[in-house]
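# Commentary on secondary and tertiary structure
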Amino acid sequence: MASIEAAMLTITLSPSSVPKRRNARLTVTCKVVFEEIERCVMQVCPNGTWFALEARCFGEDHPNNHSRDDELFFIQKRIFPLQDPSNITFIADVFEDALNEDPGADPPETPSFPPPPPGLDEIYVRLTLFNMFSNTVVAEVDTNVVTGVFR
Ligand SMILES: [Ca+2]
Ligand SMILES: [Ca+2]
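The sections below set out a description of the structure shown in this document. Predicted model, so just to flag it, every value in this text is computed and none were measured.

Our focus in this paragraph is the overall build of the protein chain. Counting secondary structure elements, the protein chain contains one helix and eight strands. Counted from the first residue to the last, the protein chain has its helices and strands arranged as β-β-α-β-β-β-β-β-β. In terms of C-alpha radius of gyration, the protein chain reaches 19 Å, well past the compact-globule figure of 15 Å for 151 residues. When the backbone C-alpha atoms are referred to their principal axes, the protein chain occupies close to 70 × 40 × 20 Å. Here the protein chain holds 151 residues, and the buried ones make up 22% of them. Sequence separation of at least 24 residues holds for 64% of the intrachain contacts in the protein chain that already meet a minimum separation of 6.

In structure tokens form, the structure reads like this:
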């Protein structure tokens, strides 16, 4: 079965044209390694859509939280054999606050010192490879987690 390898996420922040808001660019790189038989099928029928790789952004939650990680937004889809599987890049441009998946504790009724810590955000991207012919998930991996205080 095909596999997804070297999945990596980086997030870069930059000023935006909107006051008090920053842009965030998510860049995900990976490669898909197909088996010989899968490559053969795609060579024989190069116009078919045989595989699709979807990228979705998640906010990670602590395992003791008993909740599932939040899906923040869908990024993009790549299809094969149209795309070069050895060199895949997804880029998503959002406002930084789209990554603020943990707003932190509510502020106390009376000001306290030190103030409550800001909610740390843990962002990762899940890559899912579908076989479009059998409509099954072939492989699924998560990138590294990028931690920050996004606002
Ligand atoms: Ca979190
Ligand atoms: Ca936060």
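With that settled, the discussion passes to the pairing of strand S3 (residues 51–59). Relative to strand S4 (residues 70–80), S3 runs antiparallel, the two sharing nine bridges. Each residue of the ladder has a partner; that of alanine 52, found in S4, is isoleucine 79.

Pairing is antiparallel across the open sheet formed by three strands, whose spatial order is S1-S2-S5. With partners counted over all chains shown, the strands left at the sheet margins are strand S1 (3–15) and strand S5 (88–95), one partner each. Neighbour-to-neighbour, the strand axes of the sheet open up by a mean angle of 15°, direction not taken into account. As paired strands, strand S2 (residues 22–33) and S5 are joined by eight bridges and run antiparallel to one another. Residue pairing across strands places threonine 27 opposite isoleucine 91, the latter belonging to S5.

Reading the values: rules and limits
Residues numbered from 1 in each chain as written. Chains lettered and ligands numbered in written order. Predicted model: local features only at pLDDT ≥ 70, side-chain atom pairs only at ≥ 80, totals over all residues. Helix = DSSP H or I, 4+ residues; strand = E, 2+ residues; numbered from the N terminus. Rg over C-alpha atoms; globule rule 2.2 N^0.38 Å. Buried ≥ 20, exposed ≤ 12 C-beta atoms within 10 Å, placed from the backbone. Contact = placed C-beta atoms within 7 Å. Pairing = 2+ DSSP bridges. Axes fitted to C-alpha atoms, helices over the stretch in contact; angles between N-to-C directions.

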